[in-house]
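Structure assessment
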Amino acid sequence: MSEKLRISFDELNSSQVQDYIDIQDQLREAVDPIDDQPWYVKLIYSSWLYLAFASMTGAFLAWALCEPVFTDNPFVDSPLSDLLGFLLLFPIVAAMSGLFLGMAEGIMCRNPQRAAFNGLISFVVGFIGSVVFMLPVNILYGIFGTIAMSLSPEGAEFPTGMGFVVHMIGRGVAWAIIGVFAGLGQGVAQWEKKVLFNGMLGGVLGGLVGGLLFDPIYLGVEYLITRFGLEGLSTTLYLEWLLGDLEVEASLSRGFGFVAIGASVGLFTGLVEGWTKTAWLMMRRGPLAGKQFIMHRDVTVLGSSPKAGIYLFKDTDIEPKHATIYNRGGRFEIEDNMTAAGTYVNGARINGRRVLQSGDQIELGKTVLEFALRSTDS
């Protein structure tokens, strides 16, 4: 059995120990004070906001593509284009929402290469997934619609009362299924299980909420247009080239409904990402000051290469693969990749790996990132 190491009071207070402590204090000298970002900058960089806006834009463009050839009943005396518009409605909305969702993070990080790749994969996943599930989704929606009409007064053209509630639920369930594929693409593009989970859950919740809101919004917009005599709104908004001879109340009401669905999918995808994050970096100084980078991977590279996990541009002192952060079961360690400028944590240049604590400030060139770790305390 080894002997215990014993340190006397005199040894503990010796000049050598004090010199060592002074040196460590100098090495850990904090970086210059950094002003907190204004609230509107934090808002702009909030993932729930820009993902909601991105998905909403995609859904709006999908409506613009489908509406000119869409009809509620394409199986009765309708041309083939109307049937295609009806059948492709779900896939195009999911694909376009997925496209803009996939591109959003790359655009925010000024990384066009990543935006293009993630957007393309998300578009394909949204379209193919929705095509595969289009038939069962339409059958399910039809069942809810039949039940809804059976609960409405005889001769009613649209479900009312309890039938209207059932119809809302049916549409919500249908869009919840389609929303999965709108939110799934980012995870497939990154091939990261946590991003897959966040996208799936966000898509389900967003599709459900958006679907539930669709009918109230549809009827509300239609009522306002009729009530205030805005039937000529298509001319006022220069939409005649798009809507043609279509009934403006129904067309614009559907448009608002799709926008609500798209916004909900993006909103909940961002919210779920925030709810489930365990560790992240906040850029405190640099071109994206105020932006959060969530640590999804076990190995995250920080550097000036667009292929780096966290792309740090506009800083000539940062190398393509400047530093690497490793996640060891919730214990995060940072390592400098033998760069000339070095990597600093709390003002001290690191050699080898350094364990990160919540609140640590990481300096790479002129860029400062603050590490945050969600507390697991109950």
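Residues numbered from 1 in each chain as written. Predicted model: local features only at pLDDT ≥ 70, side-chain atom pairs only at ≥ 80, totals over all residues. Heavy atoms only, no water.

Description of the packing of helix 4 (residues 47-66) against helix 6 (residues 89-108)
- For the pair helix 4 and helix 6, the least separation of the axes is 7 Å and the interaxial angle reads 145°. Two packed elements cross with a definite hand, and for helix 4 against helix 6 that hand is right-handed. Of helix 6, the residues touching helix 4 (which contributes Y50, L51, A54, S55, T57, G58, A59, L61, A62, L65 and C66) are L89, I92, V93, M96, S97, F100, L101, A104, E105 and M108.
- Here the residues of the contact of helix 4 with helix 6 are counted per class, giving 16 nonpolar, 4 polar and 1 charged. (Axes fitted to C-alpha atoms, helices over the stretch in contact; angles between N-to-C directions. Helix = DSSP H or I, 4+ residues; strand = E, 2+ residues; numbered from the N terminus. Left-handed = near helix turned anticlockwise from the far one by under 90°. Contact = heavy atoms within 4.5 Å. Nonpolar A, V, L, I, M, F, W, Y, C, P; charged D, E, K, R; others polar.)

Details of the confidence of the model for the chain
- Scored by pLDDT, the chain comes out at a mean of 82, with 79% of its residues at no less than 70.
- Here residues 25-29 is modelled with pLDDT under 50, and outside its nearest four sequence neighbours on either side it reaches 8 contacts, counting other chains as well.
- Overall, residues 234-246 carries pLDDT values under 50, and its contacts beyond four positions in sequence, including any with other chains, amount to 18 contacts. (pLDDT = per-residue confidence, 0-100.)

Notes on the layout of surface pockets
- Quantified by volume, the largest pocket comes out at close to 950 Å³.
- What lines the largest pocket is a set of 43 residues, among which E105, Q190, E273, I294 and H296 lie closest to the centre.
- Sorting the residues of the lining of the largest pocket by element identifies helix 4, helix 6, helix 7 (112-150), helix 8 (162-190), helix 9 (193-227), helix 12 (248-276), strand 2 (292-294) and strand 4 (310-311) as the ones contributing at least two each. (1 Å grid on protein atoms, 1.4 Å probe; cavity = no way out; pocket = protein on both sides within 12 Å on 5 of 7 lines; lining within 4 Å. Points joined across faces, edges and corners; volume = space filled by probe spheres on them.)

Comments concerning the pairing of strand 6 (residues 331-336)
- Relative to strand 6, strand 5 (residues 323-328) is paired through 6 bridges, and the arrangement is antiparallel. Across the sheet, the residue bridging to T324 is E335, located in strand 6.
- Here strand 5 folds back onto strand 6 in antiparallel fashion, the turn holding 2 residues, of which G329 has a positive phi close to 65°.
- The pairing of strand 6 with strand 9 (residues 353-355) spans 3 bridges and is antiparallel. The partner of I334 across the bridge, within strand 9, is R354. (Pairing = 2+ DSSP bridges.)

Some details on the sheet that holds strand 9
- Reading across the sheet, the 5 strands line up as 4-3-5-6-9 and stay open at both edges, with mixed pairing between neighbours. Strands with a single pairing partner mark the edges of an open sheet, and in this sheet they are strand 4 and strand 9.

Points about a nonpolar patch on the surface
- The grouping of L135, I139, I143, I147, L151, M162, V165 and I169 at the surface amounts to a nonpolar patch, some 720 Å² of accessible area in total.
- Put simply, the parts of the chain that give the nonpolar patch at least two residues each are helix 7 and helix 8.
- By residue number, the principal contributor to the nonpolar patch is helix 7, which donates 4 residues.
- With respect to the element layout, L151 can be found in the loop between helix 7 and helix 8.
- Taking the relative accessible area as the measure of exposure, L151 reaches 45% and is therefore partly exposed. (Patch = residues over 30% accessible without salt bridge, like charges linked within 9 Å, V, L, I, M, F, W, Y side chains within 5 Å. Areas by Shrake-Rupley, 256 points an atom, 1.4 Å probe, with all protein chains shown as cover. Salt bridge = Lys/Arg side-chain N within 4 Å of Asp/Glu carboxyl O. Buried < 20%, exposed > 50% of the residue type's maximum accessible area, 1.4 Å probe, protein only.)

Remarks on the nonpolar core
- With 34 residues, the main nonpolar core has L281, I325, I362 and L369 as its most contacted residues.
- When residues of this core are traced back to their parent elements, those giving at least two are helix 4, helix 6, strand 1 (279-285), strand 4, strand 5, strand 6, strand 10 (361-364) and strand 11 (367-373).
- In this structure, L369 is in contact with L281, M282, M283, R284, F293, L302, L312, D360, Q361, I362 and L364, ignoring residues within four places of it in sequence.
- Counting 20 residues, the second largest nonpolar core, distinct from the first, contains V93, A174, Y218 and L252. (Core = buried A, V, L, I, M, F, W, Y, C linked by side-chain atoms within 4.5 Å.)

A short note on empty space enclosed by the protein
- Taken as a whole, this structure holds 1 cavity of 30 Å³ or more when the rule is applied.
- Here the largest cavity is characterised by a volume of approximately 50 Å³.
- If you trace the largest cavity, you find it lined by V93, A94, S97, W175, I178, G179, A182, G207, I261 and V265.
- Every element with two or more residues in the lining of the largest cavity is listed here: helix 6, helix 8 and helix 12.
- Of all the elements, helix 8 adds the most residues to the lining of the largest cavity, at 4 residues.
- Of the residues in the lining of the largest cavity, the class split is 7 nonpolar, 3 polar and no charged.

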